[in-house]
Structure formats: structure tokens, C-alpha cells
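Geometric and topological summary
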Amino acid sequence: MGLTEQLLHPDPRRREGAARRVSAAVWDPGAEGELAGLLVEAACAEEDPGALEAQLGALVTVEAGISDLGLQRLGQIWPAPPVLERLLARAGRLQISAPVTPSGSAALTVVRCLRGVPRTGSRLRTPDGAWVALERIELYGRAVDRLDAGSTARVLLSGPGAGGLEEWDRLDVDPRAREYVRLLLDPDPRARGLAADEAGDHPDAWDADAGRRLCAALARAAVAETDPQALESELRALLELGHFVSAPALALLRGLERTALPPVLRPYLDDLLDERPPGDRIRR
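Along each chain, residues carry numbers from 1 onward, in the same order as the chain's sequence is written. pLDDT decides what is reported in this predicted model: residues at 70 or higher carry local features, side-chain atom pairs at 80 or more are listed and counted, and totals for whole chains, interfaces and linings draw on all residues regardless. As a convention, hydrogens and water are excluded, and side-chain values are obtained from all of the structure's heavy atoms.

Some words on the overall build of the protein
What counts here: Comment: elements are numbered from the N terminus, with helices defined as DSSP H or I runs of at least four residues and strands as E runs of at least two. Radius of gyration: over C-alpha atoms. The globule rule applied is 2.2 Å multiplied by the number of residues raised to the 0.38 power. Exposure is judged per residue with a 1.4 Å probe applied to protein chains only, and the accessible area is read against the type maximum: over 50% gives exposed, under 20% gives buried, and values in between give partly exposed. Contacts are assigned to residue pairs with any non-hydrogen atoms lying within 4.5 Å of each other. Accessible surface is estimated by sampling points in the Shrake-Rupley manner with a 1.4 Å probe; for residues, cover comes only from the protein chains shown.
On a plain count of helices and strands, the protein comes out with 12 helices and 8 strands. Against the 2.2 N^0.38 benchmark of 19 Å for 284 residues, the protein shows a C-alpha radius of gyration of 20 Å, consistent with a compact globule. Here the C-alpha coordinates of the protein stretch approximately 65 × 45 × 35 Å along the principal axes. When the 284 residues of the protein are sorted by exposure, 48% land in the buried category. Considering only residue pairs separated by 6 or more positions, the protein has 65% of its internal contacts joining residues 24 or more positions apart. Accessible surface computed for the protein: about 13,700 Å², of which carbon and sulfur atoms make up 52%.

Right, here's the structure in full:
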């Protein structure tokens, strides 16, 4: 029986085991979409706590493959475990649906949630690349700490980008990790190298889930890389993000043939494949 069938198997232990198998590997983008769809279907129907925990953990592994409809369905799981809350918050997208009223360094407006479940405190990027913070959400006159997909609310936004907001602008919860993952698949090695450099330049900017996702994408790019400069950037970024490198990413990197690497890059791989547990690595 294949992994696809086991993810939807009648036995919850089979479903749990299959989800853990998804978590134990780094998948190519095509497989991510297929597995994400199956895991969403399984999680939304799941009644077994152990299987649900494994399914939600596996969804983080294939997060890039979750569709907007899948995110909407996941938002209906209640109560949402913390791992799901974080996943939905990272996917948040708002659209301004009323004129914006400036208020000092902040702005008051009405927004509609297009995707995910943004929460108060979320950092969002504006269309011109500036940043705002979601300071307050009012739903039917009552302060709440989250906004579900499809809901409309009055919000207070603060930060450098607040003064330039206009009606119909879209705001994404910090989309950099998603963009870097996408650029690491770009056919241009310069784009891949730049994405790796920028991901590794800010190791403290990522939460654990985003960091693991970036490291999986970096490892996937590195084992397929044909450009020495891009490969150096990818390996260097993995070292900078070493405290996020998961066992599946390390297993993928072990497929690199050390003797085939340029001599200058071999120390990078040697450091990455240090046998200490990932949590024991020291940030460089």
C-alpha cells in the first residue's frame, strides 16, 4: 500500500504513521502539492488526536503546497492546535476595503481577510515593500486577536508603511520565506544565490517552522545545484541557519558527493554533516 492510500487509511495508526513519513523527508514541489491536499483532507476529517498531531506537523513540511482553499478548510478546525495557528497566521493576507484614515504614525481602515488567519502583532508587507504591524482588530465593535478568512474588520495598522496605504491594497504576513523558497527553484542561478544569501543574512528573523522550511528548500536546491557560486551561497545559508536544519534536510545533503564539489566548498559540507544533533549546533 502506497503513502497516498495510507494517509487516508481507516486505521488512525496507519494515518499517523504515514503523516510521520511525510515529515521525515524533503519533497519536491510537485509532491508537496499532492501531499498537502491529502493531508488537508485527512486533517479536516480526523478524530484521533495522535493522527491529527502528526498530520498538522506534516503539513508544515509541505506548507508551500497548501492551496488557498486548503487553508480555508484548515481554518475550520476548532480548537486549532498551536502548530495550526502558526501555519494559518503565516499564510495571512489582507485587502484594504475602505478609505484609509491616517492617525499619526498609524492608520485606521477596514480590511477583508483573503487568506489564512492573521493575528494581532502580525507583521505585514505592503505593495511597495514597506512594513506595517497589525496592532488591533475590531470585529462587530469588539476587539479580537485573530481574523478568519472571509471576515471583514476594522483594524489599526502601524509602522513605516502605514502612511502610504490605499484602498484595495493587499498586505501579506511577512512573505519573505515563501518568496525565497520560490526563488530557490528559479532557473537563473543568480536568483537562487541571491535568495540563499538573503535567507541566511537574517537567521533571527525566522520562527522554527519557517526556518525548517527554508532549510529544506536550501538543501533541495543544493543537491540539484550546477552553479558553484549558487551552491556556495546555499551551503553558507544552511550553516547560518544551522539551528533549524532538520534530520530530513541532513539526509538529503548526505547525497552530495563530497569529492565532486570544488575543494573550497568541501568544508561547508563537512560542517553541515557534523554528527552532533541539530539542536546542539552553535549559530555561526
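Let's pick the thread back up.
A closer look at the pattern of salt bridges
In plain terms, the rule: The salt bridge definition used is simple: a Lys or Arg side-chain nitrogen within 4 Å of an Asp or Glu carboxyl oxygen.
Taken as a whole, this structure holds 26 salt bridges when the rule is applied. The partner of Arg-90 in a salt bridge is Asp-207, with the nearest N and O atoms 3.7 Å apart. Note that Arg-90 is positioned in helix H6 (residues 82–90) and Asp-207 in the loop between helix H8 (189–201) and helix H9 (208–224), a separation of 117 residues in sequence. Among the salt bridges present, the one from Arg-236 reaches Asp-197, with a minimum N-O distance of 3.6 Å. In this pair, Arg-236 sits in helix H10 (residues 228–240) while Asp-197 sits in helix H8, placing the two residues 39 residues apart along the sequence. Three or more residues joined by partner-sharing salt bridges are found here, namely Glu-63, Arg-86, Arg-90, Asp-207, Asp-209, Arg-212 and Arg-213.

Details of the environment of Leu-114
The residue Leu-114 is located in strand E3 (residues 106–115) in this model. Leu-114 gets classed as partly exposed once you look at its relative accessible area, which sits at 30%. Taking the C-alpha atoms as reference, Leu-114 lies 9.8 Å from Asp-172; in sequence the two are 58 residues apart. Leu-114 has contacts with Arg-93, Gln-95 and Arg-170, leaving out every residue within four places of it along the chain.

So, H10
Threshold: In this scheme, a helix's expected span is set at 1.5 Å multiplied by one less than its residue total. As used in this structure description, the phrase polar contact means that two N or O atoms lie within 3.5 Å; if the pair is within protein, one of them must be able to donate a hydrogen and the other to accept it, and residues adjacent in sequence are counted only when both atoms belong to side chains.
The terminal C-alpha atoms of H10 lie 18 Å apart, and with 13 residues this matches the ideal 18 Å at 1.5 Å per residue to within 8%. Among the residues of H10, Ala-230, Leu-231, Ser-233, Glu-234, Leu-235, Ala-237, Leu-238 and Leu-239 are the ones counted as buried. In this structure, the buried side of H10 is in contact with H8, H9, helix H11 (247–253) and helix H12 (266–272). In this structure Asp-227 caps H10, since a side-chain oxygen of it lies 3.1 Å from the backbone nitrogen of Gln-229.

Comments concerning the packing of aromatic side chains
The criterion, for reference: The criterion for an aromatic pair is that two Phe, Tyr or Trp rings (for Trp, the six-membered ring) have centres within 6.5 Å, with stacked assigned to planes under 30 degrees apart, edge-to-face to planes over 60 apart and tilted to the rest. Only when the NZ of Lys or the CZ of Arg is both within 6 Å of the ring centre and within 35 degrees of the ring normal is a charge said to sit over the ring.
Using the criterion set out here, one finds 1 aromatic pair in the structure. Measuring from ring centre to ring centre gives 6.0 Å for Tyr-180 and Trp-206, while their planes differ by 85°; the resulting arrangement is edge-to-face. One end of the pair, Tyr-180, is in helix H7 (residues 176–183); the other, Trp-206, is in the loop between H8 and H9, with 26 residues separating them in the sequence. Here Tyr-180 and Trp-206 have matching classes, each one buried. Directly above the ring of Trp-131 sits Arg-123, whose terminal nitrogen or CZ lies 3.8 Å from the centroid.

Observations regarding the nonpolar core
To keep it simple, the criterion reads: Here, the term nonpolar core denotes a set of buried Ala, Val, Leu, Ile, Met, Phe, Trp, Tyr and Cys residues that are joined through side-chain atoms within 4.5 Å.
Trp-206, Leu-214, Leu-235, Leu-238 and Leu-253 are the most contacted members of the largest nonpolar core, which has 33 residues in total. Contributions of two or more residues to this core are made by H7, H8, H9, H10, H11 and H12. Element by element, the count of residues in this core is highest for H9, at 8 residues. What Trp-206 contacts, discounting residues up to four positions off in sequence, is Arg-176, Ala-177, Tyr-180, Ala-199, Gly-211, Leu-214, Leu-241 and Phe-244.

Considerations on the packing of helix H4 (residues 49–61) against H6
Counted only if it meets this: Orientation is described by axes fitted as lines to C-alpha atoms, over the contacting stretch for helices, and by angles from 0 to 180 degrees between their N-to-C directions. Relative orientations are named as follows: roughly parallel for angles under 35 degrees, roughly antiparallel for angles over 145 degrees, roughly perpendicular for angles from 65 to 115 degrees, and oblique for any other angle. By the definition used in this description, the sense in which the near helix is turned from the far one sets the handedness, with an anticlockwise turn below a right angle giving left-handed and a clockwise turn giving right-handed. Residue polarity follows a fixed list, in which Ala, Val, Leu, Ile, Met, Phe, Trp, Tyr, Cys and Pro are nonpolar, Asp, Glu, Lys and Arg are charged, and the others, Gly among them, are polar.
Contact geometry of H4 with H6 gives a least axis separation of 9 Å together with a crossing angle of 30°. Between H4 and H6, the angle falls in the class roughly parallel. For the pair H4 and H6, the sense of crossing is left-handed. For the pair H4 and H6, the contacting residues are Leu-56, Leu-59 and Val-60 in the first and Val-83, Leu-84, Leu-87 and Arg-90 in the second. Of the residues belonging to the contact of H4 with H6, the class tally is 6 nonpolar, no polar and 1 charged.

Considerations on H8
Its 13 residues give H8 an end-to-end C-alpha distance of 18 Å, which sits within 8% of 18 Å, the value for a rise of 1.5 Å per residue. Here H8 has its buried residues at Ala-191, Arg-192, Gly-193, Ala-195, Ala-196, Ala-199 and Gly-200. Each element contacted by the buried residues of H8 is listed here: H7, H9 and H10. Structurally, the start of H8 carries an N-cap: the backbone nitrogen of Arg-190 is 2.9 Å from a side-chain oxygen of Asp-188.

Overview of the environment of Val-155
As for its position among the elements, Val-155 is in strand E7 (residues 152–158). Considering only alpha carbons, one finds Val-155 and Ala-107, 48 residues apart in sequence, at a separation of 8.3 Å. For Val-155, the contacting residues outside a window of four places in its chain are Ala-107, Leu-108, Thr-109, Val-111, Leu-134, Arg-136 and Ile-137.

Note that all results are geometric; they support no functional claim without further evidence.
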